[in-house]
Amino acid sequence: MDLLRTRSIGRVGLSARSLPVVLPVRYVLWDDMVVLRAAPTTTMADSVIDAVVAFETDHFDETAGQGWSVMVQGQARELEGVRSLGPEAESVLGSWRGPGEARHVSIPMTVVSGRRLLPAVEGASR
Amino acid sequence: MTAPHDAGPSDDAVTDWSGLEVLGVDECRRLLAASAVGRVAFVHDGSPSILPVNFAMDGAAIVFRTGVGSKLAAAVLRRPVGFEVDSWNRWNHTGWSVVATGVADEVVDPDDVARLAELPVRPWTRPDLRSHWVRITVEELTGRRIRNAP
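What this report covers is the structure whose coordinates are included nearby. In this text, all values refer to a predicted model and were calculated from it rather than measured experimentally.

**Some points on the overall build of chain B**
When you go through chain B residue by residue, the secondary structure sums to 3 helices and 7 strands. When the elements of chain B are put in sequence order from the N terminus, they spell out β-α-β-β-β-α-β-β-α-β. Sorting the 150 residues of chain B into buried and exposed places 47% on the buried side. Sequence separation of at least 24 residues holds for 65% of the intrachain contacts in chain B that already meet a minimum separation of 6. When the accessible surface of chain B is summed, it comes to about 7500 Å², and 51% of that surface belongs to carbon and sulfur atoms.

Written out as structure tokens, the structure is:
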């Protein structure tokens, strides 16, 4: 959870017509859920809402050869009646452009997994 | 290749409905080739998953290393997968993403394995266990770039 708070861009993975799809998204943590914003009539809104999805964010320092990734899996729901998530969240989500009124999608932290990658040492066992 | 939903305003760059610049296939390939970390999206037991991997391009295919009997290998081999790379500047809200879809298989031809061993793919964890190569044969490649928001 602490690592999730440090990033603002992640990726959503879902199964669309039984094929895996991955899309980058801006997100915030809100009420212990990952919350995304989707334009009203897009693949994102249509495919994500009410589907079981994966959400991933990560940070890698390629020079140092280390980093981490966190994945959240859960059933995405539309946050109905929520027009604003507060100024801090708006500043993160706000510049994602699209026509019409945006919809907010929440992903509960039903299953959270993470891995931290440390510099590899040839032949080492950790 | 997927066409944008509709053409944007007459501009040098093609934009999609939301104003994102639609990247051409050559630009997508260039950005893929310049990236070292991507994310594999797959469906395992009905649940979508996303895992980051170190990868390289072998011609037009995406290749990465994995361990024998790893969960990732079991989940992706001979199955359709998604693959994503991106880069963002959080301060000025610019960035790009490239999304590929294709089918994953294991590289078994010894000549192919020998060639891949020369690629600059260095697994960050347990290189001793990551002796197998997975190849994603790209079937669809799309990309978007976001410039400064108005």
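Moving on from the coordinates now.
**Concerning the pairing of strand 4 (residues 61-66) of chain B**
All names here are of chain B. By the criterion of burial, strand 4 is predominantly enclosed, with 5 of the 6 residues buried. The antiparallel hairpin formed by strand 3 (residues 47-58) and strand 4 contains 2 residues in its connecting segment, where Gly59 sits at a positive phi of about 65°. Direction of pairing for strand 4 relative to strand 7 (residues 132-146): antiparallel, over a ladder of 5 bridges. Bridging across to strand 7, Phe64 finds its partner in Val134.

**Concerning the environment of Val108 of chain B**
Residues and elements named next belong to chain B. Relative to the helices and strands, Val108 resides in the loop between strand 6 (94-106) and helix 3 (110-116). A relative accessible area of 64% places Val108 in the exposed class. The spacing of Val108 and Trp133 is 25 residues in sequence and 8.0 Å in space, taken between C-alpha atoms.

**A short note on the nonpolar core**
Among soluble globular proteins, nonpolar side chains are generally buried collectively. Counting 27 residues, the largest nonpolar core has Leu32, Phe55, Val76, Phe83 and Val98 of chain B as its most contacted members. Beyond its immediate stretch of four places on either side in the chain, Phe83 of chain B contacts Val22 of chain A together with Leu32, Gly38, Arg39, Val40, Val53, Phe55, Ile62, Val98, Val99, Ala100 and Ile136 of chain B. Judged by nonpolar contacts, the second largest core, of 24 residues, contains Tyr27, Val34, Ala76 and Val105 of chain A.

**Looking at unusual backbone geometry**
Residue and element names in this part refer to chain B. You will see that Asp45, though not glycine, has its phi angle at about 55°, which is positive. Residue position: Asp45 is located in the loop between strand 2 (37-44) and strand 3. Taking relative accessible area as the criterion, Asp45 reaches 72% and is therefore assigned exposed. For Arg78, which is not glycine, the phi torsion reads 60° and is therefore positive. With respect to the element layout, Arg78 can be found in the loop between helix 2 (71-76) and strand 5 (80-89).

**A closer look at the pairing of strand 4 (residues 52-61) of chain A**
All names here are of chain A. Most of strand 4 sits inside the fold, with 7 of its 10 residues counted as buried. Across 3 bridges, strand 1 (residues 9-16) lies against strand 4 in antiparallel orientation. In the strand pairing of strand 4, Gly13 is matched with Ala54. Here 10 bridges tie strand 4 to strand 5 (residues 66-75), and the two strands are oriented antiparallel to one another.

**What about the sheet that holds strand 1 of chain A?**
Ordered by their spatial adjacency, 8 strands build an open sheet running 6-7-3-2-1-4-5-8 (chain A), and the pairing between neighbours is antiparallel. Each end of this open sheet is capped by a strand with a single partner; those strands are strand 6 (77-78) and strand 8 (111-117) of chain A.

**Points about the packing of aromatic side chains**
All chains considered together, the criterion is met by 2 aromatic pairs over all chains. Aromatic side chains Tyr27 of chain A and Phe55 of chain A sit 4.7 Å apart centroid to centroid with 70° between the ring planes, which places their arrangement in the edge-to-face category. Here the residue Tyr27 of chain A occupies a position in strand 2 (residues 19-30), and Phe55 of chain A occupies one in strand 4, the gap between them amounting to 28 residues. Under the relative-accessibility criterion, Tyr27 of chain A is labelled buried at 1%. Considering the side-chain rings of Phe55 of chain B and Phe83 of chain B, the 4.9 Å spacing of their centres and the 75° angle between planes classify their relative orientation as edge-to-face.

**Considerations on the pattern of salt bridges**
The final tally for this structure, using the stated rule, is 19 salt bridges over all chains. Note that Glu56 of chain A and Arg39 of chain B form a salt bridge whose closest N and O atoms lie 3.7 Å from each other. Pair noted here: Glu56 of chain A is in strand 4 and Arg39 of chain B is in strand 2, and the two residues belong to different chains. Here the two residues Glu56 of chain A and Arg39 of chain B agree in accessibility, since each one is buried.

**Focus: helix 1 (residues 25-33) of chain B**
Residue and element names in this part refer to chain B. For helix 1, the set of buried residues is Cys28, Leu31 and Leu32. End-on view of helix 1: buried residues confined to an arc of 100°, all on one side of the axis. Exposed and facing more than 90 degrees away from the buried side of helix 1 are Asp26 and Ala33. Structurally, helix 1 contributes buried residues whose contacts are with strand 1 (21-23), strand 3, strand 4, strand 5, strand 6 and strand 7.

Procedures and definitions
Residues numbered from 1 in each chain as written. Chains lettered and ligands numbered in written order. Predicted model: local features only at pLDDT ≥ 70, side-chain atom pairs only at ≥ 80, totals over all residues. Heavy atoms only, no water. Helix = DSSP H or I, 4+ residues; strand = E, 2+ residues; numbered from the N terminus. Buried < 20%, exposed > 50% of the residue type's maximum accessible area, 1.4 Å probe, protein only. Contact = heavy atoms within 4.5 Å. Areas by Shrake-Rupley, 256 points an atom, 1.4 Å probe, with all protein chains shown as cover. Pairing = 2+ DSSP bridges. Core = buried A, V, L, I, M, F, W, Y, C linked by side-chain atoms within 4.5 Å. Phe/Tyr/Trp six-rings, centres within 6.5 Å; stacked < 30°, edge-to-face > 60°. Salt bridge = Lys/Arg side-chain N within 4 Å of Asp/Glu carboxyl O. Arc of directions from axis to C-beta.

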